[in-house]
Amino acid sequence: GAVVSQHPSRVICKSGTSVKIECRSLDFQATTMFWYRQFPKQSLMLMATSNEGSKATYEQGVEKDKFLINHASLTLSTLTVTSAHPEDSSFYICSASLSGVSYNEQFFGPGTRLTVL
Amino acid sequence: AQSVTQLDSQVPVFEEAPVELRCNYSSSVSVYLFWYVQYPNQGLQLLLKYLSGSTLVKGINGFEAEFNKSQTSFHLRKPSVHISDTAEYFCAVSDPWWGGNKLTFGTGTQLKVEL
């Protein structure tokens, strides 16, 4: 089946530093990848949609200068949290979309737990 | 705009008992509907989906869901749960225009199966 990996699975950083999270589709090419944020005991909130070779589309309220997304290839998208602060601590999940005839199934990565001290 | 409501934040149930997790959605257009399961510190796994056709959808791990357009519901059911079903369950909706992209999730229901 389609597998999506994320790296790292867990990261702790100091306030003010930047953190990069990688999302890879291991056995398929994904023209579209998505980044979600999940707070404890809450649902997933879509942050941005990333298409290979073009700029990401951010959802309302998401700061594009703070959450930099790069989708350099059909199997890799990265999310960089710049100048991280404690309020950025969260569980970040990516998904990759596999195109179908009428439906594009999303396959989710295992998530990255970010803790900003 | 679409939205999903999962009224039950937690559902405790004894092993081998039946369970129903409720999901209601609001949308002015036709929809795709999904149920995902999330185990602790993991990503989401698709349980089942409704795109079109039969309103009764069967998924993995013995789960099924029924699409009820008149009640705008997509409740998830399992006739006999197992300890391993303990997890967070999310209902999601998508506009077919986006082909399954742009998922809107409910707030989740924590299913806790007890001995």
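Throughout, a residue's number is its position along its own chain's written sequence, starting from 1. Going through the entries in the order they are written, you letter the chains from A and number the ligands from 1. Given that this is a predicted model, residues contribute local features only at a pLDDT of at least 70 and side-chain atom pairs are listed and counted only at 80 or more, while totals for whole chains, interfaces and linings are drawn from all residues. To get the side-chain values, take all heavy atoms of the structure and skip hydrogens and water.

Could you give me a rundown of the overall build of chain A, with the residues and numbers involved?
Within chain A one finds zero helices and eleven strands. A run of DSSP states H or I qualifies as a helix once it reaches four residues; a run of E qualifies as a strand once it reaches two. Both are numbered from the N-terminal end. Going from the N terminus to the C terminus, chain A shows its helices and strands as β-β-β-β-β-β-β-β-β-β-β. C-alpha atoms define the radius of gyration, and 2.2 Å times the number of residues to the power 0.38 defines the globule rule. Over its C-alpha trace chain A gives a radius of gyration of 14 Å, about what one expects of a compact globule, namely 13 Å for 117 residues. Structurally, chain A occupies a C-alpha span of about 45 × 25 × 25 Å along its principal axes. Counting only residues that meet the buried cut, chain A has 50% of its 117 residues in that class. The contacts of chain A with a sequence gap of at least 6 include a subset with a gap of at least 24, amounting to 55%. If you sum the accessible surface of chain A, you get close to 5800 Å²; carbon and sulfur atoms cover 53% of it. For every residue, the accessible area obtained with a 1.4 Å probe (protein chains only) is divided by the maximum for its type, and the residue is called buried under 20%, exposed over 50%, and partly exposed between those limits. Every residue pair with non-hydrogen atoms within 4.5 Å of one another is taken to be in contact. Areas reported as accessible are Shrake-Rupley estimates using a 1.4 Å probe. Residue values count occlusion only from the protein chains shown.

Quick rundown of the packing of aromatic side chains? Include the residues and the values.
One pair of aromatic rings is described through two measures. These are the centre distance and the angle between the planes. Whether two aromatic rings pair depends on their centres lying within 6.5 Å, for rings of Phe, Tyr and Trp, where Trp uses its six-membered ring; planes under 30 degrees apart make the pair stacked, over 60 edge-to-face, and the rest tilted. Throughout the structure, instances matching the rule amount to twelve aromatic pairs over all chains. Here A:Tyr36 and A:Phe108 contribute two aromatic rings whose centre-to-centre distance is 5.6 Å and whose plane-to-plane angle is 40°, an arrangement assigned as tilted. With A:Tyr36 in strand S4 (residues 32-38) and A:Phe108 in strand S10 (residues 105-108), the pair connects residues that are 72 residues apart, well separated along the chain. Owing to a relative accessible area of 0%, A:Tyr36 belongs among the buried residues under this scheme. When the ring of A:Tyr36 is compared with that of B:Phe105, the centres are 5.8 Å apart and the planes differ by 85°; the resulting orientation is edge-to-face. Of this pair, A:Tyr36 sits in strand S4 while B:Phe105 is found in strand S11 (residues 104-105), placing the two residues in two different chains. Residue class for B:Phe105 comes out buried when judged on its relative accessible area of 9%. Through pairs of rings, three or more aromatic residues link up here, namely A:Tyr36, A:Phe108, B:Phe34, B:Tyr36, B:Phe90 and B:Phe105.

Hey, could you go over the nonpolar core for me, with residue numbers and the actual values?
One finds B:Trp35, B:Leu48, B:Leu76 and B:Tyr89 to be the most contacted residues of the largest nonpolar core, which totals 27 residues. Among the secondary structure elements, those contributing two or more residues to this core are strand S2 (10-14), strand S3 (19-21), strand S5 (32-38), strand S6 (44-50), strand S8 (64-68), strand S9 (73-78), strand S10 (87-94) and strand S12 (109-114) of chain B. With four residues, the single largest contributor to this core is S10(B). Counting 24 residues, the second-largest nonpolar core is a separate cluster that includes A:Ala48, A:Ala56, A:Leu79 and A:Val116. Working definition of a nonpolar core: buried Ala, Val, Leu, Ile, Met, Phe, Trp, Tyr and Cys residues. They are joined through side-chain atoms within 4.5 Å.

Which residues make up the state of the cysteines, and what values go with them?
Throughout, disulfides are identified as pairs of cysteine sulfur atoms within 2.5 Å of each other. Counted by the stated rule, this structure contains two disulfides over all chains. Put simply, A:Cys23 and A:Cys94 are joined by a disulfide, and their sulfur atoms are 2.0 Å apart. Around the S-S axis, the bridge from A:Cys23 to A:Cys94 shows a dihedral of about 80° and counts as right-handed. Linking A:Cys23 in strand S3 (residues 19-25) with A:Cys94 in strand S9 (residues 90-98), this pair joins segments that are 71 residues apart in sequence. Accessibility classification places A:Cys23 together with A:Cys94 in one group, the buried group. Put simply, B:Cys23 and B:Cys91 are joined by a disulfide, and their sulfur atoms are 2.0 Å apart. Of note, the bridge from B:Cys23 to B:Cys91 carries an S-S torsion of about -65° and is left-handed in sense. Of the two residues, B:Cys23 sits in the loop between S3 and strand S4 (24-26) while B:Cys91 sits in strand S10, which places them 68 residues apart along the sequence.

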